[in-house]
Amino acid sequence: MPVKERPATKTIATNREARHEYFVIEALETGIELKGTEVKSLRAGGVNLKDSWVDIEEGELLVKGMHITPYDHGNIFNADPMRQRRLLAHKSEIRRLGQQCKLQGYTLVPLSLYFKHGRVKVELGLCKGKKLYDKRADAARRDAKRTIDRALKTNGRFE
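In this text the structure is predicted, and so the values were computed from the model without any measurement. In this convention, every chain numbers its residues from 1, walking through the sequence in written order. Totals for whole chains, interfaces and linings use all residues, but because this is a predicted model, local features are given only for residues with pLDDT of at least 70 and pairs of side-chain atoms are given and counted only at 80 or more. By convention in this description, side-chain values take in all heavy atoms of the structure and omit both hydrogens and water.

Participant: Describe unusual backbone geometry, naming the residues involved and giving the relevant values.
Facilitator: Of note, Glu58 is a non-glycine position whose phi angle comes to about 55°, a positive value. Numbering of helices and strands starts at the N terminus; helices are DSSP runs of H or I of at least 4 residues and strands are runs of E of at least 2. Within the secondary structure, Glu58 sits in the loop between β4 (53–57) and β5 (60–64). Even without being a glycine, His117 presents a positive backbone phi close to 55°.

Following this line, the structure appears as structure tokens:
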């Protein structure tokens, strides 16, 4: 009997606010260290990335502010929902990211959380904060594109 193919990736959550608040300079895939029932909770979609960020402490990447809801059918061994979680990356990558953050004032932000071949991965973004005028320019660009698409959809008539 042939083995059923699993889809390569399944998105759990995305941090949509991060793309609004920051310019994403570079994205990096990392693993994450989780405890027992946290994975089951992630499969149920119980995670919030909205106010999360990543710090580098003692050569380790730590995600802070990420809320994973306790598993419903768990027991006393459910982990604290707001605990710091370690990200898994090569030492050279961590060192390089740390230098970028110190020298150029970049921020590390989790952009998305997903399953890849049964393992939980975090897409980590090296980001630069947007100013208010940058956010306004993005909104104006988005509105202009929407207007153009609407005009093209109505056979070139602009209303």
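Participant: Before we move on, could you go through the pattern of salt bridges and cite the residues and values that matter?
Facilitator: The working definition used for a salt bridge is a side-chain nitrogen of Lys or Arg within 4 Å of a carboxyl oxygen of Asp or Glu. As enumerated under the stated definition, the model contains 13 salt bridges in all. Residues Lys135 and Glu21 are paired through a salt bridge, measuring 2.9 Å at the closest nitrogen-oxygen approach. Placement of Lys135 in helix α4 (residues 132–153) and of Glu21 in helix α1 (residues 16–21) is noted, with a sequence separation of 114 residues between them. Burial status follows relative accessibility: with a 1.4 Å probe on protein chains alone, a residue under 20% of its type maximum counts as buried, one over 50% as exposed, and anything between as partly exposed. Relative accessible area serves as the criterion here: at 27%, Glu21 is assigned to the partly exposed category. Linking Glu57 and Lys64 is a salt bridge whose minimum nitrogen-to-oxygen distance equals 2.5 Å. Residue Glu57 is classed as partly exposed on the basis of its relative accessible area of 33%. By relative accessible area, Lys64 is classed as buried at 13%.

Participant: Just give me the short version of empty space enclosed by the protein, but keep the residues and values in it.
Facilitator: With a 1 Å grid laid over protein atoms only, a set of points is called a cavity when a 1.4 Å probe fits there but cannot get out and a pocket when it is open yet has protein on both sides within 12 Å along at least five of seven lines; lining residues have an atom within 4 Å of a point. Grid points are joined across faces, edges and corners, and a volume is the space filled by probe spheres set on the points. Inspection of the entire model under this criterion finds one cavity of 30 Å³ or more. Estimated volume of the largest cavity: approximately 40 Å³. As for the largest cavity, its lining consists of Thr37, Glu38, Ser41, Ile68, Thr69, Pro70, Tyr71, Asn78, Ala79, Asp80, Pro81 and Arg85. Any residue that is not Ala, Val, Leu, Ile, Met, Phe, Trp, Tyr, Cys, Pro, Asp, Glu, Lys or Arg is counted as polar, Gly included; the first ten are nonpolar and the last four charged. Per-class residue counts for the lining of the largest cavity are five nonpolar, four polar and three charged.

Participant: Go over helix α3 (residues 91–104), please, and point to the residues and values.
Facilitator: Expected span, for any helix, means 1.5 Å times one less than how many residues it has. The terminal C-alpha atoms of α3 lie 20 Å apart, and with 14 residues this matches the ideal 20 Å at 1.5 Å per residue to within 8%. All of the buried residues along α3 are Ile94, Leu97 and Gly98. Within α3, the buried residues cover an arc of 100° as seen down the axis, which keeps them to one side. Facing away from the buried side of α3 by more than 90 degrees, the exposed set consists of Arg95 and Leu103. In what follows, residue pairs with any heavy atoms lying within 4.5 Å of each other are defined as contacts. Close packing links the buried residues of α3 with β2 (22–32), β4, β5, β8 (107–116) and β9 (119–129). Just past α3, the residue Gly105 takes up positive phi, approximately 75°. Directions from the helix axis toward the C-beta atoms define the arc.

Participant: Tell me about the environment of Lys131, residues and numbers included.
Facilitator: Of note, Lys131 is situated in the loop between β9 and α4. On the basis of relative accessible area, Lys131 is assigned to the partly exposed category, the value being 49%. Taking the C-alpha atoms as reference points, Lys131 and Gly45, separated by 86 residues in sequence, lie 32 Å from one another.

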